[in-house]
Amino acid sequence: MKKLALAVSLALATTGVALAQEKTIKIAGFGAKTGPVRSFGVNSEAAMLAAADVINKQGGVRLADGSKAKMVVEFYDDRCTAEEGISIIRRVHGTDALVAVGPTCSNVAEPLYGILQKKADDKSDSGLQMPIFTDVAVKGGLAKISEWAFRNVPSEMTMYSSLFYWLKSKYPNAQTIYGGVEEDFAHSRASWYAVMKDRAEANGYKVLGNSKWLLADSNFATQVREMKNANADIVAIAAHPFTTCGVLKEMQRQGVKPKVLIGLTSSSSMETMQGCAKQAEGMIIPTSFAPVTKDGKFAAETTAKFKGSADLHSMAAWENMFILKDVIESEKVAGTKGELQADRRKIRDGLAKLKETKGLLGVTKRTDDREADKPYLFVHAAKGEWKVLHNPL
Amino acid sequence: MLDFLQAVSDGMLFGATYALIGIGFTLVFGVMHKLNLSYAAASIGAAYSGLLILKVFAAAPAWAVFLSAFVGGGVIGYLVYLTCFHFIPLSNPLAPLMSTVGMFLLIDEVIVHATNGMPQNYPAMFDDVMIRAGGYTLRGDLLLVFGLSVLCMIGLLALLYRTKLGLATRAVSQQPVAAQLCGIRVARVNAMTFVVTGLVGGIAGAMMGAAVGALSPVLTAPLTVKGLIVTVIGGLGSIPGAIIAGLLVGGLENVFQLYRGVTERDLYVMLLLFVFLVFRPGGIFTAKSGRD
């Protein structure tokens, strides 16, 4: 009997030690895993899980008391809808997650940031006090909505400005540009009207006009005819892969062959290659990720093991995990239930303090309005793959 | 003027895909007096199933993909019948309507999960053929879509008016109780109607994929709406009506887009629907026969 009691006590003690060692830090991920943009959520989740796996294999994250904790990712599907995104963050706020990484869509990010506390020290503001570190939603300038919102997305303004500047020297005979825009998608719209068009004009190109279509359109004959009539040297398509492919195929049918074809950042993914690799041949897109560095290749390979593909969006999720690890360690996060809200505040403050972070293409500068100034390069579609065309940095 | 003519002809040719979807809606409604709201999604699902042949024979020609979609459409049509109609109490009109809404969402999500929402390249026939007359052009692949939809209409009319199955279908459509008393197996006729509309849907989905050059789950909802508009404008239960309304909606849609822009286009298409509902609620071709 005594032996049995001893064995039970030993077993309990061992379990207790094991439990004590298995401290966890929960990171919530959220993005679209339903609907036509599902691949974004799937890839972000895979990248976050892959990064957590690497971090945990290296021993985990160090907490304030010197102990180590494993990073755990819990991913939620926001279906690319604002109401679901807001509901998820309210739910996540009630759990022990320290920070949330997401969302996929800008139309979720914008209202979601709106429910967060505007200024971190404003006691009269009852907004949610939860740090959000966005990996995908790319519409410009959103993080200024709340001091709890941070983004690690590329600056399209900088990237397209640089692209048009480079095109000036590369194609000196190209003088005119025509746009094609997916009118009902926040990112595409903002990218054409506020970024591509503006930057093209700033670089001396004459904008001849633009054609519009909708995200679920299937007939692009009229729009491409307008494009053909404009006969511009450069055609810039600010649309997501499905309609980009539809337009490219119609351009092929109608024989529209501009000197330069430019695409939207989000189209530098496998989706475009899957839908219309042949027609996309030569399309140039600025991107904040390509597996050209040792770290980049490793991140892409590790993410692939978690059934995700590496692109500018999913690799931002990968980077976010490592940035968060550093912030948790530098800000001495306790990782206990009692300190949950204080830890969230520490993470917010830690993210706000960052002046630069380590990215897969190099150093990312952090701006005062909590946005990222990421390194980038230009890729082009060549034989069914995205290949690096030029590295402006 | 040339732009107008081009917009009308492009739209009408593309409208042939709406017509095919309209035929499916109208046939089921004509026979069972029920709306199958999952029809357009099932058609796109069938088009996706056509791509499966490329997994086995990577070099399979476009016609093999279309044929595979055609067969897939029939299978999906039968499954939709079993799950949404056969075991559902048809006396409650809301029950099959809601079950088909559920099926619509289910098919949509199955596609999304199977492809991660990624657009899939879709083969086409005669896509390199362009008939030109000055600045005016006609797409070869859309002419094929148009031709196929006309063939489908002829085939369906022949099936309805020249075969025993057609006779039984018309009998069930007009007098289901009397048809049953005459020894017609109503459930079998209903199932066959779904298989036939599924086959047509398979062609419609494949033609839609071929016309765009790619398939995406984003197509299902707008195609459902267009199919329903075509069915109402053409006249519920009328196959020629669905064809004419499909071409009409396709053509007008392009004209509205040309003159009022893409953001107002659908507004005018909806207005057209309301005009029909108010002034000609039976559609262009009101069904002659009644039903018990």
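Values in this document were obtained by computation on a predicted structure and should not be read as measured data. (Residues numbered from 1 in each chain as written. Chains lettered and ligands numbered in written order. Predicted model: local features only at pLDDT ≥ 70, side-chain atom pairs only at ≥ 80, totals over all residues.)

**A closer look at the overall build of chain A**
Then comes step 1: If you tally the helices and strands in chain A, you get twelve helices and 16 strands.
Then comes step 2: Taking 21 Å as the expected radius of gyration for a compact globule of 393 residues, we find that chain A reaches 23 Å, a close match to that expectation.
Then comes step 3: On the principal axes, the C-alpha backbone points of chain A span a range of 90 × 50 × 35 Å.
Then comes step 4: Going through the 393 residues of chain A one by one, you find that 53% of them count as buried.
Then comes step 5: Across chain A, contacts joining residues at least 24 apart in sequence account for 71% of those joining residues at least 6 apart. (Helix = DSSP H or I, 4+ residues; strand = E, 2+ residues; numbered from the N terminus. Rg over C-alpha atoms; globule rule 2.2 N^0.38 Å. Buried ≥ 20, exposed ≤ 12 C-beta atoms within 10 Å, placed from the backbone. Contact = placed C-beta atoms within 7 Å.)

**A closer look at unusual backbone geometry**
Then comes step 1: Residue Pro103 of chain A is bonded to the preceding Gly102 of chain A through a cis peptide linkage, with omega at -5°.
Then comes step 2: In this structure, Pro103 of chain A sits in the loop between β4 (97–101) and α4 (106–114).
Then comes step 3: Not every positive phi belongs to a glycine, and His33 of chain B is a case in point at roughly 55°.
Then comes step 4: Counting through the fold element by element, His33 of chain B comes out in the loop between α1 (2–32) and α2 (39–56).
Then comes step 5: Judged by the 14 C-beta atoms lying within 10 Å of it, His33 of chain B is partly exposed.
Then comes step 6: Non-glycine residue Asn116 of chain B carries a positive phi angle of around 60°.
Then comes step 7: The exposure class assigned to Asn116 of chain B is buried, which follows from the 21 C-beta atoms found within 10 Å.

**Regarding the nonpolar core**
Then comes step 1: With 198 residues, the main nonpolar core has Ile27, Met48 and Ala100 of chain A together with Leu20, Ile203 and Met207 of chain B as its most contacted residues.
Then comes step 2: When residues of this core are assigned to domains, at least three map to each of domain 1 (21–154 + 292–361) and domain 2 (156–287 + 377–390) of chain A.
Then comes step 3: Aside from chain neighbours lying at most four places away, what touches Met207 of chain B is Thr17, Leu20, Val145 and Leu148 of chain B. (Core = buried A, V, L, I, M, F, W, Y, C linked by C-beta atoms within 7 Å. Domains from an automatic or database assignment.)

**Some thoughts on the environment of Phe14 of chain B**
Residues and elements named next belong to chain B.
Then comes step 1: Inspection of the secondary structure assignment puts Phe14 in helix α1.
Then comes step 2: Taking the C-beta count within 10 Å as the criterion, Phe14 has 27 such neighbours and is therefore assigned buried.
Then comes step 3: In the structure, Phe14 is positioned 178 residues away from Met192 in sequence and 28 Å away in space, judged by C-alpha atoms.

**Things to note about the domain arrangement of chain A**
Residues and elements named next belong to chain A.
Then comes step 1: With domains assigned, chain A is organised as domain 1 (21–154 + 292–361) and domain 2 (156–287 + 377–390).
Then comes step 2: Contacts between domain 1 and domain 2 engage eleven residues on the former and 15 residues on the latter.
Then comes step 3: Of the residues assigned to the side of domain 1 that touches domain 2, the class counts are four nonpolar, five polar and two charged. (Nonpolar A, V, L, I, M, F, W, Y, C, P; charged D, E, K, R; others polar.)

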